[in-house]
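Structure assessment
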Amino acid sequence: MSPISSELVGLGSDFIAEFRYIWWYFIFGVALEALVRTFGWHIKLRKFLERFGHGSIFIATGIGLFSPLCACGILPLTIAMLMAGVPLAPAIALLVASPLMSPAGYALTAWELGGQWALAKLLSAMVMGLFAGYVTLFFQKRGGFDNKDLFARGIPKGDFHDPDYPCDDLQCDCRNQFSKKYIETRTKNKFFVFLGKFVDGTLKIGKFTVLGVAIEVIAARYIPTEWISPLLTNTVPFSIPILTLAVVPLHINQIMASAILYGFVDLPLAHGPGLAFLVGAPVTAVPVMGVFLAFFRRRVFFLYMGICITGTIGLAYIYQYLF
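Residue numbers restart at each chain and count upward from 1, following the sequence in its written direction. The predicted origin of the model limits local features to residues at a pLDDT of at least 70 and limits the giving and counting of side-chain atom pairs to 80 or more, whereas totals for whole chains, interfaces and linings rest on all residues. Side-chain metrics in this entry use all non-hydrogen atoms of the structure; hydrogen atoms and water are not considered.

**A closer look at the overall build of the protein**
Think of it this way: any DSSP run of H or I at least four residues long counts as a helix, any run of E at least two long counts as a strand, and we number them from the N terminus. Counting its regular elements, the protein contains 15 helices and zero strands. The classification of residues rests on relative accessible area computed with a 1.4 Å probe and restricted to protein chains. Under 20% of the type maximum is buried, over 50% is exposed, and intermediate values are partly exposed. Residue burial in the protein is summarised as follows: out of 323 residues, 48% are buried. Contacts in the protein between residues far apart in sequence, at least 24 positions, make up 79% of those at least 6 positions apart. Roughly 15,200 Å² of accessible area belongs to the protein as shown, and the carbon and sulfur atoms make up 67% of that amount. Contacts are assigned to residue pairs that have any heavy atoms within 4.5 Å of one another. Under the convention used here, a 1.4 Å probe and the Shrake-Rupley method define accessible areas, while residue burial counts only the protein chains that appear.

Right under this line is the structure:
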C-alpha cells in the first residue's frame, strides 16, 4: 500500500471511529427537532410573540433556544417579524439566541463535550438572548431604532415562502425539503410527516456534523497541538478576546462548533476559550453579516455585532473565572 493510500485509510478509520462515538446522540437530536417541526411548536410560539410587544424578550429568547433554525434560517423570519410590526428588541433576542441552541445542538454537545458543556452552552444562549434584547431595548428608548427606519433598502412585499418571491437572499427554500415536496403534499399523517422531517434533519444536520468531525480529525492528525493549545487552555494572555475575534469571519454553526471542539477536549480545555468558540462562532455567521449589511442600516449591523462580540467575551470570562 502506498503512503498516500495508507494515510487515506488512516483518516477514514479515524473518522469512522469518531462518528461512531456520537451517532446515538445525533439520531436523538434529529428526532427531537423532527418532532418540533412536525407539530409546528416553534411557529406557534412565533405567532404568539408577534402579539406580545416589548415584554416578549423572554419569550423570544425561549423560542430561540427551542427553534431548530440556524442563523441563516432565522434571519428571514426575523425580517418578516419586523415588517409585521414586532419591535426590534425581541427580534434581535430571537436572532441571537436561535443559532446558539437547538434540541440537536444540545444533544450533540452533551455527547461530544459532556453535560457540563451542554448546560453551559444552553445557559449562555439564554443569557445572550436576554442581553441582546435588553441592550437593544435600551437603545430603542433613546431613538434611532424605530421599525420604520431599520432597513437600508426596501424589502419586497409578499410571502418569503413564495417560489416567485423576488429577493433570493430572503426567499425560503423549505418547499424543496423532502418532507414538503414528497410527504406533506400527499398526506397529513403525523407519523409520515415526522419521518419526512427526520430525513430533512438528517440531511441538514448530518452534513454539518460530518464536516465538523472531518475538520476535527484532520486538525488532530496534522496540526501540532502546541499551535492551538495555548489559546484553548488559556495560557496566552487575552486568549478569550483573541479567539472570539478570530472566529468572526468563520462560517461555523453550532453543530460544527461542538464537533470541532471535541477534538481538543483532552487538552484540557479551558472554560473561557471553549465557550468563546461555542458561542462566538455560530452567532457571527458570515452569511448573516452579509444580509445585515445589504438590508439593514449600518447602526443596526453594528448594534448586532457589538452585542455578539461583547456578550461572548463577557460570558467566556464569567465561565472561566467563576465556574
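**What to know about the environment of asparagine 253**
Relative to the helices and strands, asparagine 253 resides in the loop between helix H11 (239–246) and helix H12 (254–262). Taking relative accessible area as the criterion, asparagine 253 reaches 14% and is therefore assigned buried. Considered as a pair, asparagine 253 and glycine 280 are 27 residues apart in the sequence and their alpha carbons are 9.7 Å apart. Here a polar contact is recorded for every N or O atom pair within 3.5 Å, except that within protein the pair must consist of a potential hydrogen donor and a potential acceptor, and residues adjacent in sequence are included only if both atoms are side-chain atoms. A polar contact of 2.9 Å, which involves the side chain of asparagine 253, links it to the backbone nitrogen of methionine 256.

**Section: the packing of aromatic side chains**
Here the aromatic set is Phe, Tyr and Trp, taking the six-membered ring for Trp, and pairing holds for ring centres within 6.5 Å; pairs whose planes are under 30 degrees apart are stacked, those over 60 apart are edge-to-face, and all others are tilted. Counting across every chain of the model gives eight aromatic pairs. Seen from their ring centres, tyrosine 317 and tyrosine 321 are 6.1 Å apart, and the 10 degrees between their planes marks the pair as stacked. Note that tyrosine 317 and tyrosine 321 are positioned in helix H15 (residues 298–322) at a spacing of four residues, about one turn of the helix. For tyrosine 317, a relative accessible area of 29% puts it in the partly exposed group. One aromatic cluster is present, formed by Trp117, Tyr319 and Phe323 through successive ring pairs. Each ring is checked for a lysine NZ or an arginine CZ that lies within 6 Å of its centre and within 35 degrees of its normal; such an atom marks a charge sitting over the ring. Here the guanidinium or amino end of arginine 142 rests over the ring plane of phenylalanine 138, the centre of that ring lying 3.7 Å away.

**Details of the side chain of threonine 109**
Tracing the sequence through the fold places threonine 109 in helix H6 (residues 103–113). Overall, threonine 109 belongs to the buried group, its relative accessible area being 0%. Separated by 2.7 Å, the side chain of threonine 109 and the backbone oxygen of glycine 105 make a polar contact. With near-sequence residues (within four places) excluded, threonine 109 lies in contact with Gly114, Trp117, Ala118, Lys121 and Ser258.

**Digging into helix H13 (residues 271–283)**
An ideal rise of 1.5 Å per residue puts 18 Å on 13 residues; H13 measures up with 18 Å between its terminal C-alpha atoms. Along H13, 13 of the 13 residues are buried, which leaves the element largely enclosed by surrounding structure. The span one expects for a helix is its residue count, reduced by one, times 1.5 Å.

**Side note on the nonpolar core**
The nonpolar core is taken to be a set of buried Ala, Val, Leu, Ile, Met, Phe, Trp, Tyr and Cys residues, with the residues joined through side-chain atoms within 4.5 Å. Counting 65 residues, the largest nonpolar core has Phe292, Phe296 and Tyr304 as the members making the most contacts within it. Secondary-structure elements contributing two or more residues to this core are helix H3 (57–66), helix H4 (71–83), helix H5 (88–97), helix H7 (115–140), H12, H13, helix H14 (286–295) and H15. By residue number, the principal contributor to this core is H15, which donates nine residues.

**As for the packing of H7 against H13**
Fitted lines through C-alpha atoms give the axes, limited to the stretch in contact for helices. The angle between two N-to-C directions lies from 0 to 180 degrees. One way to put it is that H7 packs onto H13 with a least axis distance of 11 Å and a crossing angle of 60 degrees. With respect to their mutual orientation, H7 and H13 come out oblique. Crossing angle aside, the handedness with which H7 passes H13 is right-handed. Where H7 approaches H13, its residues Gln116, Trp117, Ala120, Lys121, Ser124 and Met128 are matched on the opposing element by His271, Gly274, Leu275, Leu278 and Val279. Just so you know how the angles are binned, under 35 degrees is roughly parallel, over 145 roughly antiparallel, 65 to 115 roughly perpendicular, and the rest oblique. Handedness of a helix crossing follows the sense of rotation of the near helix relative to the far helix, less than a right angle counterclockwise being left-handed and clockwise being right-handed.

**Some remarks on the packing of H7 against H15**
Running from amino to carboxyl end, H7 crosses H15 at an angle of 140 degrees, the nearest separation of the two axes being 10 Å. Accordingly, the angle class assigned to the pair H7 and H15 is oblique. H7 and H15 meet at a crossing whose hand is right-handed. Listed contacts from H15 to Gln116, Trp117, Ala120, Ser124, Val127, Met128, Phe131, Ala132, Val135, Thr136 and Phe139 of H7 are Leu303, Ile307, Cys308, Thr310, Gly311, Thr312, Leu315 and Tyr319.

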